[in-house]
Amino acid sequence: MVRMTPKMYKQINRMPALQQRGIAKARRIAATAQAITNSEGGSARITVVSGIRPGGRAFAQVVSSSRDEEYGTETTPRIRAIGRAARATK
């Protein structure tokens, strides 16, 4: 078994193919979440943010422009589009 060093970890996480795969998955989730939001009368815009964390790990995050629609408030019904899309998207 080869032990992974911190340098190897950072190199692997900076590989374009690995980053693109994460971004592609996030985009599929974002598209599904946007469809859910639109179909339920929401006005949120769903986007993808990606990059490298300070520890060296690549990430792709799906973000809603409306926290209220995602979690709900007394006046805004909870749509939870991102969570539902993540479960539905494989």
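Further up the page is the structure itself.
Residues numbered from 1 in each chain as written. Predicted model: local features only at pLDDT ≥ 70, side-chain atom pairs only at ≥ 80, totals over all residues. Heavy atoms only, no water.

J.: Run through the overall build of the protein, naming residues and quoting values.
T.: Along its length, the protein carries four helices and two strands. Along its sequence from the N terminus, the protein presents helices and strands in the succession α-α-β-β-α-α. Expected size for 90 residues packed as a compact globule is a radius of gyration near 12 Å; at 16 Å, the protein overshoots this value by more than 25%. Seen through its C-alpha atoms, the protein measures out along the principal axes to roughly 55 × 25 × 20 Å. Within the protein, counting contacts between residues at least 6 apart in sequence, those at least 24 apart form 44% of the total. (Helix = DSSP H or I, 4+ residues; strand = E, 2+ residues; numbered from the N terminus. Rg over C-alpha atoms; globule rule 2.2 N^0.38 Å. Contact = heavy atoms within 4.5 Å.)

J.: Tell me about the pattern of salt bridges, and please be specific about residues and values.
T.: Applying the stated criterion to the full structure yields one salt bridge. Residue arginine 84 pairs with glutamate 40 through a salt bridge whose shortest N-O separation is 2.7 Å. On the criterion of sequence distance, the pair formed by arginine 84 in helix H4 (residues 81-88) and glutamate 40 in the loop between helix H2 (16-39) and strand S1 (46-52) is long-range, its members being 44 residues apart. Assessed through its relative accessible area of 40%, glutamate 40 is described here as partly exposed. (Salt bridge = Lys/Arg side-chain N within 4 Å of Asp/Glu carboxyl O. Buried < 20%, exposed > 50% of the residue type's maximum accessible area, 1.4 Å probe, protein only.)

J.: Can you lay out unusual backbone geometry for me, pointing to particular residues and giving the numbers?
T.: Positive phi, close to 55°, is recorded for arginine 80, a residue that is not glycine. If you trace the backbone, arginine 80 turns up in the loop between helix H3 (67-71) and H4. The exposure class of arginine 80 is partly exposed, given its relative accessible area of 25%.

J.: I'd like a description of H2, backed by residues and values.
T.: The first and last C-alpha atoms of H2 sit 34 Å apart over 24 residues, in line with the 34 Å expected at 1.5 Å per residue. Residues of H2 that are buried include every one of Ile23, Ala26, Ile29, Ala30, Ala33, Gln34, Ile36 and Thr37, and no others. Where H2 is buried, its residues touch S1, strand S2 (58-64), H3 and H4. In the segment just after H2, glycine 41 is the residue with positive phi, at about 80°. (Expected span 1.5 Å × (residues − 1).)

J.: Outline the pairing of S2, listing residues and values.
T.: In this sheet, S2 lies alongside S1 in antiparallel orientation, the contact comprising seven bridges. Within S2, the position partnered with threonine 47 by the bridge is valine 63. Hairpin connection of S1 to S2: five residues between the antiparallel strands, including glycine 56 at a positive phi of 105°. (Pairing = 2+ DSSP bridges.)

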